[in-house]
Amino acid sequence: MTVACWGILYLFCPIFSHEAIELPVHICRTPSISQPCLDALSKLPRILFEEEREAFQEAEGKDSDLLTQIHNGSVFSKSLSRFMEIVCGPMMQAIEAMLEQNARKIKQLKAEKRRLEEALS
């Protein structure tokens, strides 16, 4: 798979130019999630929440009547509820499934360890 990325190139003069660069992307399945991916995944809800909160605060900062303020508050609440439903819910389910899988693997490895220790005795 190839992804086209846009970047700004700064060549030997102070004039910026935009150029599309194709980068090859290789997607590999791994048995577990890497620590950088887990860190990024755990930061995602906070980032999205902050973006929503900033948009709400920007809308609240403007002079508006009571009805507009109530509307903005309800839109913010609905946005957060939808965010929890779409992002946080499935993420928690995936993490719980990984936890269960890890517990099964630990149990399996302990049983194998006991079997090997008995074989050595």
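Position numbers for residues start from 1 in each chain and track the written sequence from start to end. The model is predicted, so local features are restricted to residues of pLDDT at least 70 and side-chain atom pairs to those at 80 or more, both for listing and for counting; the totals for chains, interfaces and linings are taken over all residues. Excluding hydrogens and water, the side-chain figures rest on all heavy atoms present in the structure.

Moving on: the overall build of the protein. For the protein, the helix and strand inventory stands at 2 helices and 2 strands. Only runs of H or I of at least four residues qualify as helices and only runs of E of at least two qualify as strands under DSSP, and these elements are numbered from the N terminus. Beginning at the N terminus, the succession of helices and strands in the protein can be written as β-β-α-α. When the 121 residues of the protein are sorted by exposure, 6% land in the buried category. For the protein, the computed accessible surface area is about 10,700 Å², with 62% contributed by carbon and sulfur atoms. Buried, partly exposed and exposed residues are distinguished by accessible area as a fraction of the type maximum, computed with a 1.4 Å probe on protein chains only: under 20%, between the cut-offs, and over 50%, respectively. Using a 1.4 Å probe, accessible areas were evaluated by the Shrake-Rupley method; residue-level cover was limited to the displayed protein chains.

Bringing a negative patch on the surface into the picture now. To count toward a patch, a residue needs a relative accessible area over 30% and no salt bridge; like charges are then connected within 9 Å, while nonpolar side chains (Val, Leu, Ile, Met, Phe, Trp, Tyr) are connected within 5 Å. The salt bridge criterion pairs a side-chain nitrogen of Lys or Arg with a carboxyl oxygen of Asp or Glu, the two atoms within 4 Å. Charge convention: Lys and Arg are scored as positive, Asp and Glu as negative, and His as well as the terminal groups of each chain are ignored. Note on charges: their place is set at NZ of Lys, CZ of Arg, CG of Asp or CD of Glu. Together, E51, E52, E54 and E58 make up a region of like negative charge exposed at the surface. Note that E58 resides in helix 1 (residues 35-61).

A few words on the side chain of N72. Mapped onto the secondary structure, N72 falls in helix 2 (residues 66-120). We classify N72 as buried; its relative accessible area is 15%. N72 has contacts with F56, A59 and E60, leaving out every residue within four places of it along the chain. Whether two residues are in contact is decided by their heavy atoms, any of which lying within 4.5 Å being enough.

Before going further, it helps to spend a moment on the packing of aromatic side chains. Aromatic pairs are defined between Phe, Tyr and Trp rings, using the six-membered ring for Trp, whenever the two ring centres lie within 6.5 Å; interplanar angles under 30 degrees are classed as stacked, those over 60 as edge-to-face, and all others as tilted. Tallied over the entire structure, the rule returns 1 aromatic pair. Ring geometry for F56 against F76: centres 4.5 Å apart, planes inclined by 15°, an arrangement best described as stacked. With F56 in helix 1 and F76 in helix 2, this pair connects stretches of sequence that are 20 residues apart. Since its relative accessible area comes to 16%, F76 is described here as buried.

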